[in-house]
Amino acid sequence: MMTPEPSQQEPPNGDGKDEEANRLLPSKSPSSLSPSSDEEEVAYESREKISIVDLEGETLESLDASATPPFSWKKLWLFTGPGFLMSIAFLDPGNLEGDLQAGAIAGYSLLWLLMWATVMGLLIQLLSARVGVATGRHLAELCREEYPTWAGRLLWFMAELALIGADIQEVIGSAIAIKILSRGFLPLWAGVVITASDCFIFLFLENYGVRKLEAVFAVFIATMGLSFAWMFGDAKPSGRELLIGVLVPKLSSKTIRQAVGVVGCVIMPHNVFLHSALVQSRKIDPHRKGRVQEALNYYSIESTVALLISFMINLFVTTVFAKGFYGTKQADGIGLVNAGQYLEEKYGGGVFPILYVWGIGLLAAGQSSTITGTYAGQFIMGGFLNLRLKKWLRALITRSFAIVPTMIVALVFNRSEASLDVLNEWLNVLQSMQIPFALIPLLTLVSKEQVMGVFKVGPLLERVAWTVAALVIVINGYLLLDFFMAEVDGVLFGFLVNLFLNALLHMLEAPGCTLCFGSSEDILFSILEDELNTSTCHRIKGRIEWALVSNQIMQREVPCASI
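Throughout this description, residue numbers start from 1 for each chain and increase along the sequence as written. In keeping with the model being predicted, local features are shown solely for residues with a pLDDT of at least 70 and side-chain atom pairs are shown and tallied solely at 80 or more, while totals for entire chains, interfaces and linings include all residues. With hydrogens and water stripped out, all remaining heavy atoms of the structure feed into the side-chain values.

- Looking at an unreviewed UniProt entry, one finds the protein chain named Metal transporter Nramp2 and attributed to Vitis vinifera.
- As stated in UniProt under Sequence similarities (unreviewed entry), the record for the protein chain gives "Belongs to the NRAMP (TC 2.A.55) family."
- The record in UniProt for the protein chain states the following under Subcellular location (unreviewed entry): "Membrane". UniProt positions are given in the numbering used here, feature names are shortened, and annotations may be inferred rather than shown by experiment.

Structure follows, in structure tokens:
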């Protein structure tokens, strides 16, 4: 940002704060004033940006720089788009799995937490948009400029890890949906290959402009909304319990894990980077205070509407599974892989079977989130590394980062539902570990006057933002601690079971042993079935499959009722 020329400067008003803040803005990026700045990576080329025209047909550049124009529905429509692309991260397959598990295990009791978690997510995303609009640069670019090289590289590595983890979940979600809609004809790996084609769909749509791409995402969101609303209508959940669940906070020791999951999956690290870049798809001069404030106002409105819609879709999913499975023996074992099967058994076929409705909604969620993941990957890689690559090459590289490990995952973990559930837990842990590496830079930069100028957040909003960030980080820290403690217990348990099994095998198969109990494996799994509850049995099965796949014990399966 450059200091206005004398002919553009406003008359002194006795308060030099705005002028001083604007003067400080360019000091953060001397490179932007150099002749080589044209070679730097940018989120959108000037020709790709959408011009904002006022009611009289004048562009924003021709109007007074300091005044904020009055509200206009036409301008709101022109600014609508980035918030809906951002909201896709609140509707990805990982969130849907968290919704269905919260509903099945906790019933309606966590709906209030879902609502307030969405509000917290909205605050973080508005701050991300604020950074992008006020500075004219997205978060990855600012991290590269403001942090030392080693720190910037670390942040880039963490952002890429988070993106890969999220993308694997999204691609697997799409592959599961394709398997459902094909009635099992297409295996998981084939669904992954089909989903990988979204990279080329993305490139094709991007050639037709930003608005065409935003329209496609609007169709995806509408498809999810209609699909899950249809399920909501079929299930007919209790309106009274739904309202109580939203308005009355309830939390018990039995539902603490689901509560942590509801809050933990709201903040997606790659989404924080993505939104700060998406808002730059409109032509906004960051030197003009009134135009920046106008853009922030419109983006706040459209982001709020977008996340309200995403909240309603998440609410539909949670209540459908709360009505159908809360308090049942299937509740502990339900997941993204077997949810469609359970829905079909519970609600039957009908004119349009609920299994296919679920599959369509899940496919829309998976496809839309993988495309936004490709989008986010381009901004993250380009911003941190300042790479000037052709779009097709950059998208191909970004897509390969996720598709290659996802294909490996699909082939290795396609043996059972339990192993996929354990994989999903590990991916959630991976993303939870990355959250501080996105939130801390965001809140640091948005509070820095040298970066934000007059749009630096005030003390109250800064405290609220840091409180929300600390809450999210602590909650995810609890999730990490709980998970690793469970994993340590599981590994130790598996080790002890392995020793016990080997001793048992030797005793039962020793010469002269005449005890007729059947095979030693039958004895072991009979003991497991009798001594362990359904939930523990299901989790142990998955962990044994993962960690002890080469052991003889894996020749038989634990007969869990939930699988």
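1. What to know about the overall build of the protein chain
For step 1, the next point in the chain: Strands here mean DSSP runs of E at least two residues long; helices mean DSSP runs of H or I at least four residues long; both are numbered from the N terminus. From N to C terminus, the protein chain includes 23 helices and zero strands.
For step 2, the next point in the chain: Whether a residue is buried, partly exposed or exposed follows from its accessible area with a 1.4 Å probe, protein chains only, as a fraction of its type maximum: under 20%, in between, or over 50%, in that order. Residues classed as buried in the protein chain amount to 53% of the 563 residues present.
For step 3, the next point in the chain: Once local pairs closer than 6 in sequence are excluded, the contacts in the protein chain between residues at least 24 apart make up 84%.
For step 4, the next point in the chain: Of the accessible surface of the protein chain, which amounts to about 24700 Å², a share of 65% is contributed by carbon and sulfur atoms. Residues count as neighbours in contact if any of their non-hydrogen atoms are within 4.5 Å of one another. The accessible surface values rely on the Shrake-Rupley method and a 1.4 Å probe; as for residues, cover is taken only from the protein chains in view.

2. Concerning the side chain of Asp99
For step 1, the next point in the chain: You can see Asp99 is positioned in helix H4 (residues 93-106).
For step 2, the next point in the chain: With residues up to four places along the chain from it excluded, the contact list for Asp99 reads Leu114, Asn314, Val317 and Thr318.

3. Thoughts on a nonpolar patch on the surface
For step 1, the next point in the chain: The patch calculation keeps residues exceeding 30% relative accessible area without a salt bridge and links them within 9 Å when they carry like charges or within 5 Å when they are nonpolar (Val, Leu, Ile, Met, Phe, Trp, Tyr). The salt bridge criterion pairs a side-chain nitrogen of Lys or Arg with a carboxyl oxygen of Asp or Glu, the two atoms within 4 Å. Together, Trp189, Val193, Val404, Ile408, Leu411 and Val412 give the surface a local cluster of nonpolar side chains, amounting to about 570 Å² of exposed area.
For step 2, the next point in the chain: Only helix H8 (188-196) and helix H17 (391-412) provide two or more residues apiece to the nonpolar patch.
For step 3, the next point in the chain: Counting residues per element, the nonpolar patch draws most heavily on H17, at four residues.
For step 4, the next point in the chain: Topologically, Trp189 is positioned in helix H8.

4. Considering the side chain of Asp92
For step 1, the next point in the chain: Secondary-structure assignment places Asp92 in the loop between helix H3 (82-87) and H4.
For step 2, the next point in the chain: Those residues in contact with Asp92, other than ones at most four positions away along the chain, are Glu170, Met268, Ala365 and Ser369.

5. Overview of the packing of aromatic side chains
The geometry of an aromatic ring pair is captured by the separation of the ring centres together with the interplanar angle, meaning the angle of the planes.
For step 1, the next point in the chain: Ring pairs are drawn from Phe, Tyr and Trp, using the six-membered ring of Trp, whenever the two centres fall within 6.5 Å, and their geometry is named by plane angle: stacked under 30 degrees, edge-to-face over 60, tilted for the rest. Under the counting rule described, the total for this entry stands at 12 aromatic pairs.
For step 2, the next point in the chain: Judged by centre distance (5.7 Å) and plane angle (40°), the rings of Phe71 and Tyr298 are tilted. In this pair, Phe71 sits in the loop between helix H1 (17-24) and helix H2 (73-79) while Tyr298 sits in helix H14 (residues 289-325), placing the two residues 227 residues apart along the sequence.
For step 3, the next point in the chain: Seen in terms of ring centroids, Phe79 and Tyr299 are 5.2 Å apart; in terms of plane orientation they differ by 85°. Their pairing is edge-to-face. Taken together, the residues span a long stretch of sequence, with Phe79 in helix H2 and Tyr299 in helix H14 at a distance of 220 residues.

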